[in-house]
Amino acid sequence: MYTLLGRRTRVLAATTATVGLALVAGCSSSDSGGSGTKTAAGGVELVKAGQLTTCTHLPYPPFQSEIDGKVQGFDVSLIDLVAKDLGVKQEIVDTPFENFKTGAFLNSGQCDLAAAGMTITEERKKNVDFSDPYFNATQAVLVDKKSGIDSLADVKAKGKKLGAQAQTTGEEYVQKKGFDAISFESSDAVLNGLRTGQVQAVVIDYPVVQGWLKNKANADAFKVVDNIDTGEQYGFTVKKGNTKLLAAVNKAIAEAKADGTYKKLYEQWIGPYDVSAASPSAS
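Structural notes, computed from the coordinates. From a predicted model like this one, the values you see are computed outputs, not experimental measurements.

### A closer look at the nonpolar core
Next, step 1: Among the nonpolar cores identified, the biggest contains 48 residues, and Leu52, Phe74, Leu86, Tyr134 and Phe135 are the most heavily contacted of them.
Next, step 2: Among the elements that take part in this core, helix α10 (residues 243-259) stands out by supplying seven residues, more than any other.
Next, step 3: When residues no more than four places from it in sequence are discounted, the contact partners of Leu52 are Leu46, Ile79, Val82, Ala83, Leu86, Val88, Lys89, Gln90, Glu91, Asp112, Leu113 and Leu245.
Next, step 4: Counting 14 residues, the second largest nonpolar core, distinct from the first, contains Val141, Val174, Phe179 and Ile228.

### Let's talk about the state of the cysteines
Next, step 1: For the structure on display, the rule yields one disulfide.
Next, step 2: Disulfide pairing is shown between Cys55 and Cys111; the S-S distance is 2.1 Å. Looking down the S-S bond of the Cys55 and Cys111 bridge, the torsion is 80°, so its handedness is right-handed. Here Cys111 lies in the loop between α3 (104-107) and β7 (113-114) and Cys55 lies in strand β3 (residues 51-56), a separation of 56 residues in the sequence.
Next, step 3: What makes Cys55 buried here is its relative accessible area of 3%.

### Regarding the pattern of salt bridges
Next, step 1: If you walk through the whole model with that rule in mind, you get eight salt bridges.
Next, step 2: For Lys158, the salt bridge identified is with Asp154, shortest N-O distance 3.6 Å.
Next, step 3: Of the residues examined, Lys158 reaches a relative accessible area of 43% and is grouped as partly exposed.
Next, step 4: Close ionic contact of Lys263 with Glu267 constitutes a salt bridge, the shortest N to O distance being 2.8 Å. Placement of the pair is Lys263 and Glu267 together in helix α11 (residues 261-269), with a separation of four residues, close to one helical turn.
Next, step 5: The class for Lys263 is partly exposed, based on a relative accessible area of 36%.

### A short note on the environment of Ile204
Next, step 1: On the secondary structure map, Ile204 appears in strand β12 (residues 201-205).
Next, step 2: For the pair formed by Ile204 and Val190, sequence separation is 14 residues and the distance between their alpha carbons is 8.1 Å.
Next, step 3: With sequence-adjacent residues up to four places away left out, Ile204 is seen in contact with Thr138, Gln139, Ala140, Ser187, Val190, Leu191 and Val209.

### Quick word on the packing of aromatic side chains
Next, step 1: The tally for this structure, following the rule as stated, stands at 15 aromatic pairs.
Next, step 2: Ring geometry for Phe63 and Phe135: centres 5.5 Å apart, planes at 85°, overall edge-to-face. Note that Phe63 is positioned in the loop between β3 and β4 (65-67) and Phe135 in strand β9 (residues 135-144), a separation of 72 residues in sequence.
Next, step 3: Its relative accessible area of 2% is what places Phe135 among the buried residues.
Next, step 4: Ring centres of Phe74 and Tyr262 lie 5.4 Å apart, and the angle between their planes is 85°; this geometry places the pair in the edge-to-face category. A residue pair is termed long-range when its members are at least 10 positions apart, and Phe74 in helix α1 (residues 74-86) and Tyr262 in helix α11 qualify at 188 residues.

### Brief notes about the environment of Gly178
Next, step 1: Locating Gly178 in the fold gives a position in the loop between α6 (169-176) and β11 (182-184).
Next, step 2: Separated by 22 residues in the primary sequence, Gly178 and Lys156 have C-alpha atoms spaced 9.1 Å apart.

Rules used throughout
- Residues numbered from 1 in each chain as written.
- Predicted model: local features only at pLDDT ≥ 70, side-chain atom pairs only at ≥ 80, totals over all residues.
- Heavy atoms only, no water.
- Core = buried A, V, L, I, M, F, W, Y, C linked by side-chain atoms within 4.5 Å.
- Buried < 20%, exposed > 50% of the residue type's maximum accessible area, 1.4 Å probe, protein only.
- Helix = DSSP H or I, 4+ residues; strand = E, 2+ residues; numbered from the N terminus.
- Contact = heavy atoms within 4.5 Å.
- Disulfide = S-S within 2.5 Å.
- Salt bridge = Lys/Arg side-chain N within 4 Å of Asp/Glu carboxyl O.
- Phe/Tyr/Trp six-rings, centres within 6.5 Å; stacked < 30°, edge-to-face > 60°.

Here it is as C-alpha cells:
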C-alpha cells in the first residue's frame with residue numbers, strides 16, 4: 001500500500017500517529033517466552049524479551065485498527081500466529097509512514113517487524129527484507145451514488161474532486177494518470193472526505209472498501225465503479241539480514257493457508273473469501 005513519493009500534494013484531515021505508542025494486540029498469545037531472554041523459539045532474536053514487537057500505522061482497517069481499546073485486524077491476526085510459534089506475545093507500535101520506506105524503527109531496534117498492509121516494492125527492498133506475499137491487492141474507485149460518476153475517467157470528464165491517501169500507490173497511480181488528487185493522511189480520512197463531500201470520488205485499496213461497505217449506511221450511499229489491478233502484493237518486513245525471523249513469518253503464512261486458518265481470518269476481517277486475492281505466489 002504505502003509507497004513514499006518525493007513530495008506531497010494538498011493534505012486534508014491529517015491524523016497524527018504517535019511515535020512509540022505501544023498497543024497490545026487483541027489476540028495476543030501467551031507470554032511463555034518472557035523469562036528475560038531475547039531469544040525466542042527457533043533461535044529468533046527479539047528486540048524485547050517475551051514479545052514480538054510490530055511496527056504499524058493506524059488506522060488501516062481491516063488490516064489493523066483500534067477496536068474496543070485493542071488493535072485488531074487481518075495483519076494483526078496473522079502476526080499473532082508468528083508470535084504464537086515463537087512462544088511470545090505480540091505488541092504493536094504505531095509509527096509514521098516514512099519508517100516503512102527506510103526501515104528506521106527496524107534498524108534502531110524499536111520493532112522486530114513491520115505490518116501495515118504494505119505493498120512490496122523494489123524501492124523498499126533496498127532497505128528491508130520482505131516476507132512472501134500474503135495478499136494480492138487492487139485499487140477501488142469509490143464514489144457517492146449521487147455524483148453521477150460511473151468510472152475513474154468520469155471524475156475528470158465531469159470536473160469532480162478525487163481523493164487518495166497521501167504517499168500511497170493509489171495516489172501515485174492517479175497522479176501518473178494526470179489527476180490532481182486531494183491527499184488525505186489516512187484511509188479513515190479519505191473515506192471521511194468522501195462521506196462529508198470534500199471529494200466526490202476516491203481511489204483506495206479495495207480491501208479497505210470491502211470492510212467499509214459492510215456498514216449498510218455506507219453501502220446505501222456509496223458504490224464501487226472501477227477496480228484497478230495495479231499488480232500489488234502485500235508483505236511483512238523485517239530488518240535486512242534477519243533471516244530467522246523472516247523464515248518464521250513465511251512458515252506461519254504457509255501453514256495458515258494450508259490448514260484453513262488464513263481463510264477463516266480472511267472471512268472474519270475482509271469478507272467473502274477471494275482465492276485470487278488470497279493466493280499470491282512467493283516473490
